[in-house]
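Analysis of the macromolecular model
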Amino acid sequence: MYKLLKKTGKVRRGEFVTPHGAIQTPVFMNVGTLAAIKGAVSTMDLKEIKCQVELSNTYHLSLRPGDKVVRELGGLHKFMNWDRPILTDSGGFQVFSLSSIRKIKEEGVYFSSHIDGRKIFMGPEESMQIQSNLASTIAMAFDECIPNPSPRDYVEASVARTTRWLERCKIEMDRLNSLDHTINKKQMLFGINQGGIYEDIRIEHAKTISKFNLDGYAIGGLAVGETHEEMYRIIDSVTPHLPQDKPIYLMGVGLPSNILEAVARGVDFFDCVLPARNGRHGHVFTKYGKINLFNAKFQLDSSPIDEGCQCPACRNYSRAYIRHLFKAKEMLAMRLCVLHNLYFYNKLMEDIRNAIDGDYFDEFKSEKLSMWDGRA
Ligand SMILES: [Zn+2]
């Protein structure tokens, strides 16, 4: 259940109550594709770096170790030892981006596994069944993530099918939640708005899915190659047409500056692989923008990644030491940088929430944007 705690213009401060605890929003979800954050970050670490919600990938987990294995072991929460909320994506995005030889039919998608080429079928019911086996807190509806740009008539047909799939997802989720042996009988379902960069299709679709009375609504199919301005324009046009008493989740976004701009436009939930991926390559976020620790100028730099940062990396180690670890190909380098970057994002969200609570979000946003100066 979403409780709107404060609203200033379009900016929302809320609390989303789930069977695995309350989430303070706006929130950034930390992406652990295969039930682990890449870079040797454990769920014990996640608690230390202020992570509220972990996100795992349905498609990946259904192939390895297999959702039935996870179910046998009591669901994802037990499996990975994480007692806070978990969101699972629908598998749709990976089916469309990773797999080959796919055929999209009314019943679902036929594709080949990216691991062993095995032929697989996934439709709305299969996606719900896998997510129910994983027993995540929030399941995402199965949708088609349309490549950008796509012709208007294709987008129209695809969005109509995504709506029909949503109806099937809802029916299947209700059925699964009513079964005795289901691990999380209170699994929540978020629908996904699509429509490429066509505002009118997006708005019409937002109105249609709003009628499904879901637990939350996502804006999908953005950050796939369109400009930031186009993305902001779509968010601006869609958010007023989604239910205001439910959380709004912008999928796969993004840079810290994108997050500030989207919060300003009424978005509550975010996720992105970017901070972990950047960290694994030595690119770390600081209050003055992003820096690359491979840079020679950090060889003798005894300061932490980001002065004042309270993450485990900055409290204990210098830029020079972490740079050395990267050069020596020590795993610890990645781990420390991923911990720092995720902490940076989680702390940014906490600061955003405090700014909304304290009525200074606009000032906070402009100050951050000018300090990062296009470098974050
Ligand atoms: Zn740090």
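Notes on the structure follow. Model, not experiment: these values are computed from the prediction. (Residues numbered from 1 in each chain as written. Predicted model: local features only at pLDDT ≥ 70, side-chain atom pairs only at ≥ 80, totals over all residues. Heavy atoms only, no water.)

1. Overview of the overall build of the chain
- Secondary structure summary: the chain contains 15 helices and 16 strands in total.
- For the chain, the C-alpha radius of gyration of 20 Å lies close to 21 Å, the compact-globule estimate for 376 residues.
- When its C-alpha atoms are laid out on the principal axes, the chain stretches across 60 × 45 × 40 Å.
- Across the chain, the fraction of contacts at a sequence separation of at least 24, relative to all contacts at a separation of at least 6, is 67%. (Helix = DSSP H or I, 4+ residues; strand = E, 2+ residues; numbered from the N terminus. Rg over C-alpha atoms; globule rule 2.2 N^0.38 Å. Contact = heavy atoms within 4.5 Å.)

2. Observations concerning the sheet that holds strand β3 (residues 21–25)
- Pairing within the open sheet is antiparallel, and its three strands lie in the order β1-β2-β3. Across the chains shown, the open sheet's two edge strands, defined by having one partner strand only, are β1 (2–8) and β3. On average, adjacent strands in this sheet sit at an angle of 10° to one another, irrespective of strand direction.
- Sheet topology places strand β2 (residues 11–18) next to β3; five bridges connect them, and they run antiparallel. Each bridged residue has a counterpart across the sheet, and for T18 the counterpart in β3 is G21.
- Contacts from helix α14 (residues 331–357) reach β1, β2 and β3, with the element oriented near 115° to β2. (Pairing = 2+ DSSP bridges. Axes fitted to C-alpha atoms, helices over the stretch in contact; angles between N-to-C directions.)

3. Quick look at a nonpolar patch on the surface
- Side chains of V69, L73 and F79 sit close together on the surface and give an oily, nonpolar patch of about 250 Å² of accessible area.
- By the element assignment, V69 lies in helix α3 (residues 67–72).
- Judged by relative accessible area, V69 falls into the partly exposed class, the value being 38%. (Patch = residues over 30% accessible without salt bridge, like charges linked within 9 Å, V, L, I, M, F, W, Y side chains within 5 Å. Areas by Shrake-Rupley, 256 points an atom, 1.4 Å probe, with all protein chains shown as cover. Salt bridge = Lys/Arg side-chain N within 4 Å of Asp/Glu carboxyl O. Buried < 20%, exposed > 50% of the residue type's maximum accessible area, 1.4 Å probe, protein only.)

4. Side note on the pattern of salt bridges
- For the structure on display, the rule yields 24 salt bridges.
- Across the pair R164 and E106 runs a salt bridge whose closest N-O atoms are separated by 2.8 Å. With R164 in helix α7 (residues 152–177) and E106 in the loop between β7 (100–105) and β8 (108–112), this pair connects stretches of sequence that are 58 residues apart.
- Judged by its relative accessible area of 39%, E106 is partly exposed.
- Note that D306 and K287 form a salt bridge whose closest N and O atoms lie 3.0 Å from each other. Highlighted residues: D306 in the loop between β16 (289–292) and α12 (312–316) and K287 in the loop between β15 (283–286) and β16, separated in sequence by 19 residues.
- One salt-bridge network, held together by shared partners, links K10, D236, E261, R265 and K365.

5. Some thoughts on helix α13 (residues 319–327)
- Along α13, the residues that are buried comprise R319, A320, I322, R323, L325 and F326.
- In this fold, the buried residues of α13 make contact with α11 (274–280), β15, β16 and α14.
- One or two residues past the end of α13 sits K329, with phi positive at roughly 55°.

6. A short note on the packing of helix α6 (residues 124–134) against α7
- Two elements in contact, α6 and α7, have axes separated by 8 Å at closest approach and are oriented at 35°. In this structure, α6 meets α7 at a crossing whose hand is right-handed. Side by side, α6 and α7 meet where P124, E125, M128, Q129 and S132 of the first sit next to W165, R168, C169, E172, M173, R175 and L176 of the second. (Left-handed = near helix turned anticlockwise from the far one by under 90°.)

7. Examining the layout of surface pockets
- The computed volume of the largest pocket comes to approximately 900 Å³.
- In terms of lining residues, the largest pocket is bounded by 43 residues, among which F93, Q94, G252, D271 and V273 are the most central.
- Only α5 (92–97), α9 (228–238) and α11 provide two or more residues apiece to the lining of the largest pocket.
- A class-by-class count of the residues in the lining of the largest pocket yields 20 nonpolar, 16 polar and seven charged.
- Within this model, the second largest pocket holds a volume of roughly 320 Å³.
- D67, K68, Q129, I130 and N133 are the residues nearest the centre of the second largest pocket, which is lined by 19 residues in total.
- Looking at the lining of the second largest pocket, the elements that each hand over two or more residues are α2 (58–63), α3, β9 (119–122) and α6.
- Among the elements that line the lining of the second largest pocket, the one with the most residues is α6, at five residues.
- A class-by-class count of the residues in the lining of the second largest pocket yields seven nonpolar, seven polar and five charged. (1 Å grid on protein atoms, 1.4 Å probe; cavity = no way out; pocket = protein on both sides within 12 Å on 5 of 7 lines; lining within 4 Å. Points joined across faces, edges and corners; volume = space filled by probe spheres on them. Nonpolar A, V, L, I, M, F, W, Y, C, P; charged D, E, K, R; others polar.)

8. What about the pairing of strand β12 (residues 216–219)?
- By the alternation rule, side chains of β12 split into G216 and A218 and Y217 and I219, which are all buried.
- As defined by bridge partners, strand β11 (residues 188–193) adjoins β12 across four bridges and the pair is classed as parallel. Its bridge partner lying in β12, N193 is registered against I219.
- Regarding topology, helix α8 (residues 199–210) serves as the crossover connection from β11 to the parallel β12, and that connection is right-handed.
- Bridge count between β12 and strand β13 (residues 248–250): three bridges; the pairing is parallel. Bridge pairing links Y217 to I248 in β13.
- In this region the chain leaves β12, passes through α9 and returns to the parallel neighbour β13; the handedness of that crossover is right-handed. (Right-handed = clockwise from strand over helix to strand, strands pointing away.)

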